[in-house]
Every structure is written in C-alpha cells, then in structure tokens.
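Report on the structure
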Amino acid sequence: MNELMKVEGLSKKFNRRPVLDGVGFSVLNGDVLGLIGPNGAGKTTLLECLAGLLPADSGTLKYGDESLSPAHRKSALFYLPDAINPWAEQSVRWILRFFERLYPQSRTSVSQLLEPLRLTELMNSRIGTLSKGERKRTLLAASLLTTQPLLLLDEPFDGLDLRQTRDVMTLLRAHASAGRSLLLSIHQLVDAGRVCDRLVLLSAGKVVGQGSISELRREVDLPEGGVEEIFLALT
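The structure reproduced in this document is the subject of the present report. Owing to the predicted nature of the structure, the values given are computational and were not obtained by experimental measurement.

1. Some remarks on the overall build of the protein
On a plain count of helices and strands, the protein comes out with eight helices and 10 strands. Relative to the compact-globule value of 18 Å for 235 residues, the protein shows a C-alpha radius of gyration of 18 Å, a close match. Projecting the C-alpha coordinates of the protein onto the three principal axes gives extents of approximately 50 × 40 × 35 Å. Among the 235 residues that make up the protein, the fraction classed as buried is 49%. Sequence-distant contacts, at least 24 apart, represent 68% of the contacts inside the protein between residues at least 6 apart. Here the protein has roughly 11400 Å² of accessible surface; of this, 48% comes from carbon and sulfur atoms.

2. Considering the layout of surface pockets
The calculated volume of the largest pocket comes to roughly 240 Å³. Taken together, the residues of the lining of the largest pocket sort by class into four nonpolar, eight polar and two charged.

3. With respect to the sheet that holds strand S2 (residues 17-28)
Strands in a sheet are paired, the pairing made by backbone hydrogen bonds, and the direction either parallel or antiparallel. Strand order in the open sheet made by the four strands is S2-S1-S4-S5, with antiparallel pairing throughout. One side of each edge strand has no neighbouring strand; the edge strands of this open sheet are S2 and strand S5 (66-67). Where strand S4 (residues 58-63) meets S5, two bridges bridge the pair, whose relative direction is antiparallel. Residue Tyr63 lies in a different strand from S5, and its bridge partner there is Glu66.

4. What about the nonpolar core?
For soluble globular proteins, nonpolar side chains are generally found buried alongside one another. Counting residues in hydrophobic clusters, the biggest one holds 48 residues, and the most contacted among them are Leu96, Phe157, Leu172, Leu184, Ile186 and Leu199. The residues contacting Ile186, other than those within four sequence positions of it, are Leu35, Ile36, Gly37, Lys43, Glu155, Phe157, Asp191, Ala192, Val195 and Cys196. Of all hydrophobic cores here, the second largest spans 27 residues; its members include Leu10, Leu33, Leu47 and Leu68.

5. What to know about the sheet that holds strand S9 (residues 198-203)
Strand order in the open sheet formed by six strands is S6-S7-S8-S3-S9-S10, with mixed pairing between adjacent strands. In this open sheet, the two strands that pair with only one neighbour each are strand S6 (77-80) and strand S10 (206-211). Recorded for the sheet is a direction-independent mean angle of 15° between the axes of neighbouring strands. Pairing analysis gives five bridges linking strand S7 (residues 150-154) to strand S8 (residues 181-186), with the strands arranged parallel. Paired with Leu152 across the strands is Leu183, a residue of S8.

6. What about the pairing of S10?
When S9 meets S10, the two strands line up antiparallel, connected through five bridges. Looking at S10, one finds that Leu202 is bridged to Val207. Counting the residues that bridge the hairpin from S9 to S10 gives two residues, and of these Ala204 lies at a positive phi of roughly 50°.

7. Looking at the pairing of S7
Summarising burial for S7: five of the five residues are buried, a large majority. Residues Leu150, Leu152 and Asp154 line one face of S7 and the alternating positions Leu151 and Leu153 line the opposite face, and both faces are buried. Assessed by its sense of winding, the connection that carries the chain from S7 through helix H5 (residues 162-177) to S8 is right-handed.

Quick notes on the rules
- Residues numbered from 1 in each chain as written.
- Predicted model: local features only at pLDDT ≥ 70, side-chain atom pairs only at ≥ 80, totals over all residues.
- Heavy atoms only, no water.
- Helix = DSSP H or I, 4+ residues; strand = E, 2+ residues; numbered from the N terminus.
- Rg over C-alpha atoms; globule rule 2.2 N^0.38 Å.
- Buried < 20%, exposed > 50% of the residue type's maximum accessible area, 1.4 Å probe, protein only.
- Contact = heavy atoms within 4.5 Å.
- Areas by Shrake-Rupley, 256 points an atom, 1.4 Å probe, with all protein chains shown as cover.
- 1 Å grid on protein atoms, 1.4 Å probe; cavity = no way out; pocket = protein on both sides within 12 Å on 5 of 7 lines; lining within 4 Å.
- Points joined across faces, edges and corners; volume = space filled by probe spheres on them.
- Nonpolar A, V, L, I, M, F, W, Y, C, P; charged D, E, K, R; others polar.
- Pairing = 2+ DSSP bridges.
- Core = buried A, V, L, I, M, F, W, Y, C linked by side-chain atoms within 4.5 Å.
- Axes fitted to C-alpha atoms, helices over the stretch in contact; angles between N-to-C directions.
- Right-handed = clockwise from strand over helix to strand, strands pointing away.

What follows is the structure, given as structure tokens:
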C-alpha cells in the first residue's frame, strides 16, 4: 500500500511536562492503523494535534509529498473525538441527514449504515436521550458519511457491547477495503489485535514500537505473543 500520511517529530508539552515526544509514523492507503497505549499515553493529545485542534510544539504532518498545515487538514482528515454530545436536542435522523447533505459526494448512504450500526429504532430519538453506546454508534455513522481520505476515531469501541463491537469492526474493515484509511485510538488491546492491520504503540508520549503484529512479534521474539504481551515486552 502507498503512503497517505507521514508524521515526523511531533512533540507537545503541557506546563513543561512532555506529553508527546518526537512521535513519528506513517498511515498507508486503505490502512487500519491502531494507536495503542494505556490511559495517559498521549493518544488523544496526538489525535488533537493531528486534527489541528491543538498546536504541537514541533513536528510535521505530510500528506502525500506536501506538508499540511493545521489550517488545511480538514480537507484531508476527519476527526471524531470520544465522549462528545453534540446537537443534544436534535434527532438521530436530523444529524445523519445533515451529514448526508454536507457530503453529497460520499460513497456511503445513511441507508447502508442503519443495519450494521443498529440505528433504525433510534432515528426519531434525540441525541441527548441516547445511551453512551447509542450515541457512539450514531456519531460513527455520521463520520462514515464524510469524504476525507483519512478518518481519525478516538476510542471507537468504547461503550459498545461485544456484538456491536464486532459489527463496527466489520464495518470499518469494509471501509478500509474500499480504500479509506483509518487511524483508531484504542486502549483495549484485544480489540486492536482483531481490527488493525498495523499498530503504533505509545507509552509516556513516545512510540515504542510500530508495525504489523507479525513484525512486532519478531521484534520482541514472541512468535505467539498477543498485543498485550508485545506491549509489555516493549515498555
């Protein structure tokens, strides 16, 4: 797969405390790339810096052969944060139709998302009345209606039960197979091993490993190791 985006030397401090330290990795076309690490590893901060919502202290983001400034990133990527509750008084139907009108060139329609995300019975419900998992599925649907080549999803499986997690994984894999690139922040290591093509392992703001699971197994000499064992071996 060809390289879609490359991050180099991304660093960020809060009150002189390093939160990101020289982070670098590549996202490939049609890639499902997992950003893996415990709470406090810097995953959300990294996504916010990539999306241009939070200024980085240093580092570059290259899209293709060109450096992409924060002001121009919305044309290349769409970021769905975790634990947000936008448009609380609007219905699920209103939000999905809004995104459908906002992105008329999308190859995905609302009707294609209703069954896999189990939204049919929620269409007339207000966002503010939804459970955590229902709201997560609604906002995932909205993000999949966008047209940017790269989708950043912060904790896309948080709040979902086992069946819903499986269905969302299948849906995300289908979008990647159609050519879209996905960068997923995931703290549940088992989920990461099931859905991702490659992993970026983040610990205390530093990349401690990256590659496919088979590549990382060779790096730590654990031929049968899972994501958890690999992460522990590298940190």
